[in-house]
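Inside the fold
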Amino acid sequence: MEDDTLSRRSFLRGAAGATAAAGAVAAGSGTAAAQATADGQGTVEVGAGSQGLKYVPGTDQTFYVTPGTTVTFEWVSDGHNIVVDSAPSGSSWSGHEPIEDEGFVHEHTFETTGTYEYYCDPHRSVGMVGTLEVVEQLPTPTPQPAGPPEVPDSAKSLGVASFIAMVATLGLTFFFTKYGGDYEPPEE
């Protein structure tokens, strides 16, 4: 009889451990998101991104600065340049047209307000373009609504599967606790 109790306890411990592990996997399956903001100062990375074909910031978002700001353009991959496509009248910025490699730095102090559009000559056709805007006052970020983040569908599916696994485990636990599992032959 002692051996049966021990095996039931072992089963219950194992079931509890499996249920806890399934719950932990479901809880940890969220995604993280990063949000880049331009603070009007700093550096533009040339040749950034997963394929090395972006200005960051500048390709996917406008980089805002105020007059008198010195912007450092830092090459983070090889084979890029900065060709000015359009600039406000009176601007003294001419970009940097020679092709440069990782580690090169170009600086310019922007004084004239307006929009500066530029591109990488070898990679313009694949979307390596940038925008920098010199404004008197930096734009205020739009407040984001408060509340929980959106849960991805994969996490929802995993949560439902974990719930079903827990219910099944608890059902089996109840069955083995209530009815035992002793299949000893009846005494004669």
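Relevant structure appears above.
Let me begin by describing the structure that accompanies this report. (Residues numbered from 1 in each chain as written. Predicted model: local features only at pLDDT ≥ 70, side-chain atom pairs only at ≥ 80, totals over all residues. Heavy atoms only, no water.)

A sheet is described by the order of its strands in space; here four strands give the open sequence 2-1-4-7, paired in mixed fashion. If you trace the sheet from one side to the other, it starts and ends with strand 2 (54-56) and strand 7 (105-110), each paired once. Averaged over neighbouring strand pairs, the angle between their axes works out to 20° when direction is ignored. In the sheet, strand 4 (residues 69-75) pairs with strand 7 via six bridges, with the strands oriented antiparallel. Bridged to Glu74 within strand 7 is Val105. (Pairing = 2+ DSSP bridges. Helix = DSSP H or I, 4+ residues; strand = E, 2+ residues; numbered from the N terminus. Axes fitted to C-alpha atoms, helices over the stretch in contact; angles between N-to-C directions.)

Before going further, it helps to examine a nonpolar patch on the surface. Together, Val160, Phe163, Ile164 and Val167 give the surface a local cluster of nonpolar side chains, amounting to about 400 Å² of exposed area. Its place among the elements puts Ile164 in helix 2 (residues 153-179). Here Ile164 falls in the exposed class, since its relative accessible area comes to 53%. (Patch = residues over 30% accessible without salt bridge, like charges linked within 9 Å, V, L, I, M, F, W, Y side chains within 5 Å. Areas by Shrake-Rupley, 256 points an atom, 1.4 Å probe, with all protein chains shown as cover. Salt bridge = Lys/Arg side-chain N within 4 Å of Asp/Glu carboxyl O. Buried < 20%, exposed > 50% of the residue type's maximum accessible area, 1.4 Å probe, protein only.)

This structure, assessed with the given rule, holds three salt bridges. For Asp60, the salt bridge goes to Lys54, with nearest N and O atoms at 2.7 Å. Here Asp60 falls in the exposed class, since its relative accessible area comes to 60%.

A separate point is the packing of aromatic side chains. If you walk through the whole model with that rule in mind, you get eight aromatic pairs. Judged by centre distance (4.8 Å) and plane angle (75°), the rings of Tyr55 and Tyr118 are edge-to-face. Of this pair, Tyr55 sits in strand 2 while Tyr118 sits in strand 8 (residues 114-119), and the two are 63 residues apart along the sequence. Look at Tyr55 and you get buried, because its relative accessible area is 0%. (Phe/Tyr/Trp six-rings, centres within 6.5 Å; stacked < 30°, edge-to-face > 60°.)

Together, Glu45, Glu74, Asp78, Asp101 and Glu102 make up a negatively charged patch on the protein surface. Within the secondary structure layout, Asp101 lies in the loop between strand 6 (96-100) and strand 7. (Lys, Arg positive; Asp, Glu negative; His and termini not counted. Charge placed at Lys NZ, Arg CZ, Asp CG, Glu CD.)

Within the largest apolar cluster, 17 residues are counted, with the highest numbers of intra-cluster contacts made by Tyr55, Val71, Phe73, Ile82, Phe110, Tyr118 and Leu132. Listing elements by their share of this core, those giving two or more residues are strand 1 (42-48), strand 3 (63-65), strand 4, strand 8 and strand 9 (129-134). Excluding anything up to four places from it in sequence, Tyr55 contacts Val44, Glu45, Val46, Asn81, Ile82, Tyr118, Tyr119, Cys120, Met128, Val129 and Gly130. (Core = buried A, V, L, I, M, F, W, Y, C linked by side-chain atoms within 4.5 Å. Contact = heavy atoms within 4.5 Å.)

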